[in-house]
Protein chains: 2
Amino acid sequence: MISTTDPRLRSFVPAEPESHFPIQNLPYGVFRPPGGTPRVGVAIGDRVLDLSVLASRHLLDVPEAEHVFSQGSLNAFMALGRTAWGQTRRTISHLLRSDVATIRDDIELREQTLLPIEEVELLLPIEIGDYTDFYSSRHHATNVGSMIRGPENALNPNWVHLPVAYHGRASSVVVSGTNVFRPRGQRLTAQGDAPSLGPSRAVDFELEVGFVIGTGNTLGHPVSIDQAEEHVFGVVLVNDWSARDIQKWEYQPLGPFLSKNFATSISPWVVTLEALAPFRSEGPRQDPPPLPYLAGTTNRTFDIHLEAVLRTSRMPKGQRITATNLRHVYWSFSQQVAHHTVNGCNLRTGDLLATGTVSGPSPDSLGCLLEISQGGKQPLALATGETRTFLEDGDQVTLTGWCRGDGYRIGFGEVTGTVLPAREV
Amino acid sequence: MISTTDPRLRSFVPAEPESHFPIQNLPYGVFRPPGGTPRVGVAIGDRVLDLSVLASRHLLDVPEAEHVFSQGSLNAFMALGRTAWGQTRRTISHLLRSDVATIRDDIELREQTLLPIEEVELLLPIEIGDYTDFYSSRHHATNVGSMIRGPENALNPNWVHLPVAYHGRASSVVVSGTNVFRPRGQRLTAQGDAPSLGPSRAVDFELEVGFVIGTGNTLGHPVSIDQAEEHVFGVVLVNDWSARDIQKWEYQPLGPFLSKNFATSISPWVVTLEALAPFRSEGPRQDPPPLPYLAGTTNRTFDIHLEAVLRTSRMPKGQRITATNLRHVYWSFSQQVAHHTVNGCNLRTGDLLATGTVSGPSPDSLGCLLEISQGGKQPLALATGETRTFLEDGDQVTLTGWCRGDGYRIGFGEVTGTVLPAREV
């Protein structure tokens, strides 16, 4: 049987070589068709395949198909587990093949199931239980640590031994396209002695990659590193919006809180680990070697090219302000899952775990403005002659990413959001 | 009309003066009767009143009563909002009065609706969206800060200006009675130079009070301090189990993570703000005065007496190891809600917000072993001749609390849990 990632596969739904969504990808999302209710779909070319219709025609041979694909989130489907995910992927791949007639030659079915993406509303694909954000890019942690503690003490001693993380806010995770109000909060005045309340003067983006837990573990039962990927359904892009001035004032001793929880944006399409399998990559050498519960995997990360584009009101076409890659990230998804659960903590279907800011080794591969502008000291010069230390009202940030195959791309689409002026209160 | 908190109210269901659950209390919980499905109930004396049965008899005049009271959590009921909460409380108070015959004189209905608490299974009462833990006891923050930074720098500069908080883990919040495995994790060796993985040697309890969000706010729309309590459904006891050695090694710079998320226990009964109204208390003077968005309320806290009892295998009767009071806590529920949302962060029905460890000013009012044993340096002497710096396997911690009325108590019941040996992995 031909693999669902075989580069020779072709679909009757056209996809240009630069499309993010060829038949080798098949990412899952949740959408609302015009006048309809939310349901599960798969992106193919510039179309979304409506799985709820396929299920109602009994074309998807998984348990409870009619139920799980007519939900407003992927959770019910994800909870079925890896066997059902693989079965569904193989069925969909088959149905979309250029040499399979079932949908291709049934005009009515084709019109019912293949909707133009631009005509549907893409919704938050998962109902997020808990959201955990890691801090797993060594370049990012080193750059930020240098600003705070100087280059000699840039990394805290724990950093090379464990994937540092904190709990984020699940309620304010929003889907791409949701605009973000500039948050108010306490920050120090210029004199630095007393805080005042007002709009943040240092709103930033963070280019991150998130992964979604498909099946969880029981409280008290750790997930071993060898089993970790069995629990991972797929991957999204994440923009973890941050207010640096609020963060600086609030974060001691319990970590970031209001500086982060006003909004976190994710991309609408969840790219499965199956689709990413051909793009495994080794990741950085880990020295010192991690403790045994974090060791043992090779090819522990993925070669995913990542970019951020900034648009301003004077520059609607936008400018790429960074290009980096997931393979620079020090701690892998598997290591993050193994660490997260080593104490018995339970992950659940729909949990979101993110890498933290993905920065690469070079100045043009930094994943947030805090690093790009060196803490606000070196404004970023834009092609229009404008400069930026942090984001201004009206600025739009779009993150995108893809794996480069031979003649095709496995893309993540994008996650975008515009900073709106702080609301009057 | 007589108030539901009137001390003169009497129920036909007996409640001794020391009972936690007289007719003035009426806390909500979720329970499973023998052989039945989960449903909503109210504690009265040593009975639980089955609201799903009352709803099926159309005795509870709130919207969707049959639906909301046959759920496995309070969320659907809480989402109805304060008007429905008040209406339900008044109806239940009326039905339970000693001079009202509806249930009292209907033997069949009485047997169907009033079950002995010890014969039912008490379940986690809320489906928790996000769990936020504050750090709002000045005594606690000062004691802990003194250990880390010395008495001169005990409080960080931000502490008196804002209620410091971090996001906790929602998935591992468990109901009273759930035992807790000693967590494994990375902690430094005695030499202090490299971490190893193993069972925590410093498992602690934290005596906290939590409050439950009944109705949320829209993302981007802060809740003003004057409106904050409108969103609060009720109050529970919280034991935020902690592993101090894991915490010490992991917490910089993003705060506690695995040292906390292995378990957080809450009491099964949610005591409503209505029931607590007669026990308002002023709380500590706040100096410097808080910024306007955190100012303006008097009687901003509640006079709730709190205790922790430790039982060991050699001391099954237990020993009270601390007695404190919520009124010592510096930042109030309202201030916590106003701060949490000032940046636009959205709270949702079922969110749990907790005070952080509640410590009082005296040595016998400290809310965790870290403080009681002064970081492990001054072991606590027990009546059996045993000592404790931190918890040992088999130790059971029970938190309890109540408001003292004239001839009655508004009690919280208890939250209890036993530390089990670390699981073999």
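Note that the structure is predicted; figures quoted are calculated from it, not measured.

1. Structural notes on empty space enclosed by the protein
Line of reasoning, step 1. Using the criterion set out here, one finds nine cavities of 30 Å³ or more in the structure.
Line of reasoning, step 2. When its volume is computed, the largest cavity comes out at roughly 80 Å³.
Line of reasoning, step 3. Around the largest cavity, the lining residues are A:Phe181, A:Arg182, A:Pro183, A:Arg184, A:Ala422, A:Arg423, A:Val425, B:Gly220, B:Pro222, B:Val342, B:Asn343 and B:Gly344.
Line of reasoning, step 4. Taken together, the residues of the lining of the largest cavity break down into six nonpolar, three polar and three charged.

2. Describing the domain arrangement of chain A
Reports of interface size often rely on the accessible area that becomes lost once the parts have come together.
Residues and elements named next belong to chain A.
Line of reasoning, step 1. Domain assignment breaks chain A into domain 1 (28–123) and domain 2 (131–420).
Line of reasoning, step 2. On a C-alpha basis, the centres of domain 1 and domain 2 stand 30 Å from each other.
Line of reasoning, step 3. On the side of domain 2, 19 residues touch domain 1, which itself brings 19 residues to the contact.
Line of reasoning, step 4. Where domain 1 abuts domain 2, roughly 1,500 Å² becomes buried across the two surfaces, and 67% of that area is made up of carbon and sulfur atoms.

3. Notes on the UniProt feature "domain: Fumarylacetoacetase N-terminal" (unreviewed entry) in chain A
Line of reasoning, step 1. Following the UniProt record, one finds the feature "domain: Fumarylacetoacetase N-terminal" (unreviewed entry) at residues 24–125 of chain A.
Line of reasoning, step 2. Helix makes up 39% of residues 24–125 of chain A and strand 21%. Its end C-alpha atoms lie 20 Å apart.

4. Side note on the layout of surface pockets
Line of reasoning, step 1. Empty space within the largest pocket amounts to approximately 1,100 Å³.
Line of reasoning, step 2. In terms of lining, the largest pocket is formed by 39 residues, of which the most central are B:Met147, B:Ile148, B:Arg244, B:Lys248 and B:Leu370.
Line of reasoning, step 3. Of all elements in the fold, only β6 (131–134), α7 (138–149), β10 (184–188), α8 (244–250) and α11 (369–372) of chain B reach the threshold of two or more residues within the lining of the largest pocket.
Line of reasoning, step 4. In terms of residue count, α7(B) provides more of the lining of the largest pocket than any other element does, seven residues in total.
Line of reasoning, step 5. Split into classes, the residues belonging to the lining of the largest pocket amount to 18 nonpolar, nine polar and twelve charged.
Line of reasoning, step 6. Each pocket or cavity is described by its volume, and for the second largest pocket that value is around 910 Å³.
Line of reasoning, step 7. Along the wall of the second largest pocket there are 33 residues; nearest its centre are A:Arg244, A:Asp245, A:Gln247, A:Lys248 and A:Leu370.

5. Things to note about the pairing of strand β21 (residues 315–325) of chain B
Residues and elements named next belong to chain B.
Line of reasoning, step 1. Of the pairings in the sheet, the one linking strand β20 (residues 305–312) to β21 comprises seven bridges and is antiparallel in character. Counterpart to His 305 in the pairing with β21 is Asn 325.
Line of reasoning, step 2. Linking two consecutive strands that pair antiparallel, namely β20 and β21, is a turn of two residues.

6. Considerations on the confidence of the model for chain A
Line of reasoning, step 1. Taken as a whole, chain A shows an average pLDDT of 96; of its residues, 100% reach a score of 70 or greater.
Line of reasoning, step 2. Scored by ipTM, the complex comes to 0.97, with pTM at 0.97.

7. Considering the packing of aromatic side chains
Line of reasoning, step 1. Inspection of every chain in the model, using the stated rule, returns 25 aromatic pairs over all chains.
Line of reasoning, step 2. Considering the side-chain rings of A:Phe211 and A:Phe333, the 4.3 Å spacing of their centres and the 35 degrees angle between planes classify their relative orientation as tilted. Residue A:Phe211 is located in strand β13 (residues 207–213), and its partner A:Phe333 is located in helix α10 (residues 333–341); the two are separated by 122 residues in the primary sequence.
Line of reasoning, step 3. Relative accessible area serves as the criterion here: at 0%, A:Phe211 is assigned to the buried category.
Line of reasoning, step 4. Ring centres 6.0 Å apart and planes at 35 degrees place the aromatic pair B:Phe302 and B:Phe333 in the tilted group. You can see B:Phe302 sitting in strand β19 (residues 301–302) and its partner B:Phe333 sitting in helix α10 (residues 333–341), a full 31 residues away along the chain.
Line of reasoning, step 5. By relative accessible area, which is 1% here, B:Phe302 ends up buried.
Line of reasoning, step 6. Accessibility expressed as a relative area gives 6% for B:Phe333, which makes it buried.
Line of reasoning, step 7. One aromatic cluster is present, built from ring pairs that chain together A:Tyr28, A:Phe69, A:Phe77, A:Trp85 and A:Phe233.
Line of reasoning, step 8. One residue, A:Arg409, lies across the ring of A:Trp402, its end atom 4.2 Å from the ring centre.
Line of reasoning, step 9. The ring centre of B:Phe181 lies 5.4 Å from the NZ or CZ of B:Arg423, which sits over that ring.

8. Topic: helix α7 (residues 138–149) of chain A
Residue pairs spaced three or four apart in an α-helix point in one direction, given the helix's 3.6 residues per turn.
All names here are of chain A.
Line of reasoning, step 1. Compared with an ideal rise of 1.5 Å per residue, which puts twelve residues at 16 Å, α7 spans 15 Å between its outermost C-alpha atoms and is within 8% of the ideal.
Line of reasoning, step 2. Within the sequence span of α7, burial applies to His 140, Ala 141, Val 144 and Gly 145. Each buried residue of α7 sits inside an arc of 120 degrees when the element is viewed along its axis, so together they form one side.
Line of reasoning, step 3. Lining the buried residues of α7 we find α11 (369–372).
Line of reasoning, step 4. With its phi angle positive at about 85 degrees, Gly 150 sits one or two positions after the end of α7.

9. Observations regarding the interface of chain A and chain B
Line of reasoning, step 1. On the chain B side, the residues contacting the 56 residues of chain A number 56 residues.
Line of reasoning, step 2. Scanning the region where chain A abuts chain B turns up four salt bridges.
Line of reasoning, step 3. A salt bridge links B:Asp130 to A:Arg169, with the shortest nitrogen-to-oxygen separation between them at 3.4 Å.
Line of reasoning, step 4. Counting across the chain A and chain B interface gives 37 residue pairs in polar contact (both at pLDDT 80 or more).
Line of reasoning, step 5. Every element with two or more residues in the side of chain A that touches chain B is listed here: β7 (165–167), β10 (184–188), β11 (195–199), α8 (244–250) and α10 of chain A.
Line of reasoning, step 6. Considered class by class, the residues forming the side of chain A that touches chain B number 29 nonpolar, 20 polar and seven charged.

10. As for the relation of the copies chain A and chain B
Line of reasoning, step 1. Each copy of the sequence occupies a distinct position, and chain A is placed on chain B by a rotation of 180 degrees and an axial shift of 0.0 Å, giving an RMSD of 0.0 Å. On the angle and the small slide along the axis, the relation comes out as a two-fold axis. When C-alpha distances to the rotation axis are compared across chain A, the minimum falls at A:Gly255, with a value of 2.2 Å.
Line of reasoning, step 2. With an isologous cut-off of 70% or more, the 100% of interface residues of chain A that recur at the interface of chain B puts this contact in the isologous class.

11. Re the side chain of B:Glu250
Line of reasoning, step 1. The residue B:Glu250 is located in helix α8 in this model.
Line of reasoning, step 2. Every residue in contact with B:Glu250, bar those within four places of it in the chain, is listed here: A:Asn158, A:Leu162, B:Gly255, B:Pro256, B:Phe257, B:Leu258 and B:Ser259.

12. Looking at the nonpolar core
Line of reasoning, step 1. Counting residues in each nonpolar core, the largest one holds 150 residues, and the members touching the most others are A:Phe205, A:Leu276, A:Leu391, B:Phe205, B:Leu276 and B:Leu391.
Line of reasoning, step 2. If sequence neighbours within four positions are ignored, A:Leu391 has contacts with A:Arg182, A:Val203, A:Asp204, A:Phe205, A:Trp241, A:Leu310, A:Leu369, A:Val397 and A:Val419.

13. Brief notes about the sheet that holds strand β4 (residues 114–116) of chain A
Residue and element names in this part refer to chain A.
Line of reasoning, step 1. An order of β4-β3-β2-β1-β5 is seen for the five strands of this open sheet, with the pairing classed as antiparallel. Strand pairing shows two members of the sheet lacking a second neighbour, β4 and β5 (121–123), which therefore form its edges. Taken over all neighbouring pairs, the strand axes of this sheet differ in orientation by 50 degrees on average, direction set aside.
Line of reasoning, step 2. Note that strand β3 (residues 47–50) and β4 share three bridges and pair antiparallel. Note on β4: the bridge partner recorded for Val 48 is Leu 115.
Line of reasoning, step 3. Here helix α4 (residues 82–96) sits on the sheet in contact with β1 (28–32), β2 (39–44), β3 and β4, set at roughly 70 degrees to β1.

About the cut-offs
Residues numbered from 1 in each chain as written. Chains lettered and ligands numbered in written order. Predicted model: local features only at pLDDT ≥ 70, side-chain atom pairs only at ≥ 80, totals over all residues. Heavy atoms only, no water. 1 Å grid on protein atoms, 1.4 Å probe; cavity = no way out; pocket = protein on both sides within 12 Å on 5 of 7 lines; lining within 4 Å. Points joined across faces, edges and corners; volume = space filled by probe spheres on them. Nonpolar A, V, L, I, M, F, W, Y, C, P; charged D, E, K, R; others polar. Domains from an automatic or database assignment. Contact = heavy atoms within 4.5 Å. Buried area = accessible area lost by both parts, 1.4 Å probe. UniProt positions renumbered as here; feature names shortened; annotations may be inferred. Helix = DSSP H or I, 4+ residues; strand = E, 2+ residues; numbered from the N terminus. Pairing = 2+ DSSP bridges. pLDDT = per-residue confidence, 0-100. Phe/Tyr/Trp six-rings, centres within 6.5 Å; stacked < 30°, edge-to-face > 60°. Buried < 20%, exposed > 50% of the residue type's maximum accessible area, 1.4 Å probe, protein only. Lys NZ or Arg CZ within 6 Å of the ring centre and 35° of its normal. Expected span 1.5 Å × (residues − 1). Arc of directions from axis to C-beta. Salt bridge = Lys/Arg side-chain N within 4 Å of Asp/Glu carboxyl O. Polar contact = N/O pair within 3.5 Å; in protein donor to acceptor, adjacent residues only side chain to side chain. Least-squares fit on C-alpha atoms with pLDDT ≥ 70 in both. Core = buried A, V, L, I, M, F, W, Y, C linked by side-chain atoms within 4.5 Å. Axes fitted to C-alpha atoms, helices over the stretch in contact; angles between N-to-C directions.

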